Amino acid sequence: MELTEIKEKIKNFKVEVPSWGFGKSGTRFHAFHIPGEARNVYEKIDDAAFVNKITDAVSAVAIHIPWDKVEDYKVLKEYAEEKGVKIGAVNPNYFEDEDYLFGSLSNSNLKIRQKAIDQTFECIEIMKETNSKILSMWIPDGSNYPGQIDFNKSFELLEDSLKQITKHLEKDMTMLLEYKFFEPAFYSTLLFDWGTSYMLSKELGENMKVLVDLGHHPQGTNIEFIVSLLSQKNKLGGFHFNSRKYADDDLTVGSLNPYELFLIFVELNKFFDLSAESQNQKISLVLDQSHNVKPKIPAVVQSLNNLQITYAKSLLVDYEKLKQAQENHDVVASEETLKEAYETDVREILREVRKEKGLPEDTIKYLKECDEYWKMVKERESAY
Ligand code: PSV
Ligand code: MN
Ligand code: MN
């Protein structure tokens, strides 16, 4: 691909940022106070808009309900739009309500199951009010001990709840089904792998797709192959970008296994134009990280930077050469074709792209001296 085309694509590559990435977050042991963290959804939107102002790489802000519950969602939408960002995926929370001790959408207690269904209907209403098109579902239901649940019955209940929910979706809305192999259920999780999410999404219709969260696989899983399979079947609906070492660590995307992230992008490029304006309607790209000791805004900026670097490298792959090498069964040449792209230093390309857009060329460095940023941190700290 020509350099000008690569630059154009990077210019139009945008990622959704999570509201929860700007607020207080941490490990299950403690969420430390980090100076400057957002205290409510409006400040989270302010922060996302600020990140967009200095990177021009934010497509929307994903919200989590009830964490981001407000009186009037139209007001929230307008507030976001005035600041130059949109409301993105709506994420119902099924993991914090006391009633969900023994499950939410699969709970054998009909009253509690109905509560989880109603809560999801409410999220669909929020989508209508905010013009969001993605209902992003992560369902933690499962069990912690052998014998605790009847697998068959629990799965049937979950399936039935999802059927009821899909009926409420409007034509242009998509439900994404995120899987996770364990935690908080340690013995069995109903939606534990891509196959389970794929199976349900196939059964429940066209506007149900699978969401891949990079932190939700057992050690050694070949995620790029999962990405290819789901894309081939037109069932890859979205991504949660983060990074892991042991389990669902929610570390900064690209911080630990950048080559794996690159290989994922190499597959994505075969099926999606990630730079297209309407890209988010075909695949939703969202950060899902818990910046637990980092200041939040620099952490998001760093993540977007890592994604841009990876995307740029993946665009450098000579796909034709790769295809030829594969057809000739030239294993060494195939691998070298990928490495040639991966090992290219693309930082100068990114600097040029930013310069052409009138943005700071080194965003992390810029933040260190940015008066607007430090004023905001100071103001929030004085009220802490
Ligand atoms: C669960 O681990 C998850 O990845 C889901 O996407 C949640 O919505 C998100 O984290 C935030 O807790
Ligand atoms: Mn996630
Ligand atoms: Mn997770």
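Residues numbered from 1 in each chain as written. Chains lettered and ligands numbered in written order. Predicted model: local features only at pLDDT ≥ 70, side-chain atom pairs only at ≥ 80, totals over all residues.

The protein carries the name Sugar isomerase in an unreviewed UniProt entry, which gives Petrotoga halophila DSM 16923 as its organism.

S.K.: Could you give me a rundown of the site of ligand 1, with the residues and numbers involved?
M.R.: Every residue close to ligand 1 is listed here: Trp20, Asn91, Trp138, Glu178, Lys180, Asp213, His240, Asp248 and Asp288. Residue composition of the shell around ligand 1, grouped by class: two nonpolar, two polar and five charged. (Near = placed C-beta within 6 Å. Nonpolar A, V, L, I, M, F, W, Y, C, P; charged D, E, K, R; others polar.)

S.K.: Explain the environment of Ser188 residue by residue, including any values.
M.R.: By the secondary structure assignment, Ser188 is in strand β7 (residues 188-189). Taking the C-alpha atoms as reference points, Ser188 and Ile149, separated by 39 residues in sequence, lie 9.2 Å from one another. Dropping the residues within four chain positions of it, Ser188 is found in contact with Gly142, Ser143 and Phe151. (Helix = DSSP H or I, 4+ residues; strand = E, 2+ residues; numbered from the N terminus. Contact = placed C-beta atoms within 7 Å.)

S.K.: Kindly report on helix α3 (residues 73-82), identifying the contributing residues and their values.
M.R.: Every buried residue of α3 is accounted for by Tyr73, Leu76 and Ala80. Buried residues along α3 cover an arc of 50° about the axis, so they all sit on one side. In α3, the exposed residues that point more than 90 degrees away from the buried face are Lys74, Val75, Glu78 and Glu82. Looking at the buried side of α3, the elements it contacts are α2 (41-55), β2 (58-65), β3 (87-92) and α4 (110-130). (Buried ≥ 20, exposed ≤ 12 C-beta atoms within 10 Å, placed from the backbone. Arc of directions from axis to C-beta.)

S.K.: Explain unusual backbone geometry to me, using residue names and the numbers behind them.
M.R.: Most peptide bonds take the trans configuration, and most residues that are not glycine carry a negative phi. In this chain, Ile65 is followed by Pro66 through a cis amide linkage whose omega measures 20°. Mapped onto the fold, Pro66 is located in the loop between β2 and α3. With a phi close to 50°, Asp56 is a non-glycine residue in the positive phi region.

S.K.: Could you give an account of the pairing of strand β8 (residues 208-213), naming the residues involved and the relevant values?
M.R.: In terms of residue burial, β8 counts as a mostly covered element, since six of its six residues are buried. When β8 meets strand β9 (residues 236-241), the two strands line up parallel, connected through four bridges. Residue pairing for β9: Val210 is matched across the bridge by Leu236. Taking the sense of rotation as the criterion, the β-α-β connection linking β8, helix α7 (residues 223-232) and β9 turns out right-handed. (Pairing = 2+ DSSP bridges. Right-handed = clockwise from strand over helix to strand, strands pointing away.)

S.K.: Residues and numbers for the nonpolar core, please.
M.R.: Grouped together as the largest cluster of nonpolar side chains are 89 residues, with contacts concentrated most on Val15, Val51, Val61, Leu177 and Val212. A per-element tally of this core places helix α10 (residues 296-315) first, with 10 residues. Residues contacting Val51, with those up to four places away along its chain left out, are Val17, Val58, Ile297, Val300 and Val301. (Core = buried A, V, L, I, M, F, W, Y, C linked by C-beta atoms within 7 Å.)

S.K.: An account of the UniProt feature "domain: Xylose isomerase-like TIM barrel" (unreviewed entry) in the protein is requested, with residue identities and associated values reported.
M.R.: Taking the UniProt record as the reference, the feature "domain: Xylose isomerase-like TIM barrel" (unreviewed entry) is found at residues 71-249. This span, residues 71-249, is 39% helix and 18% strand, and a straight line between its end C-alpha atoms measures 33 Å. (UniProt positions renumbered as here; feature names shortened; annotations may be inferred.)

S.K.: Now, about the pairing of strand β1 (residues 15-18): what can you tell me, with residues and values included?
M.R.: Side chains Val15 and Val17 of β1 all project onto a buried face; the interleaved residues Glu16 and Pro18 project onto the opposite face, where all are buried too. Inspection of the sheet shows β1 paired to β2 by three bridges, in the parallel sense. In the sheet register, Val17 faces β2, and the bridge partner there is Val61. Each parallel crossover has a hand, and for β1 linked through α2 to β2 it is right-handed.

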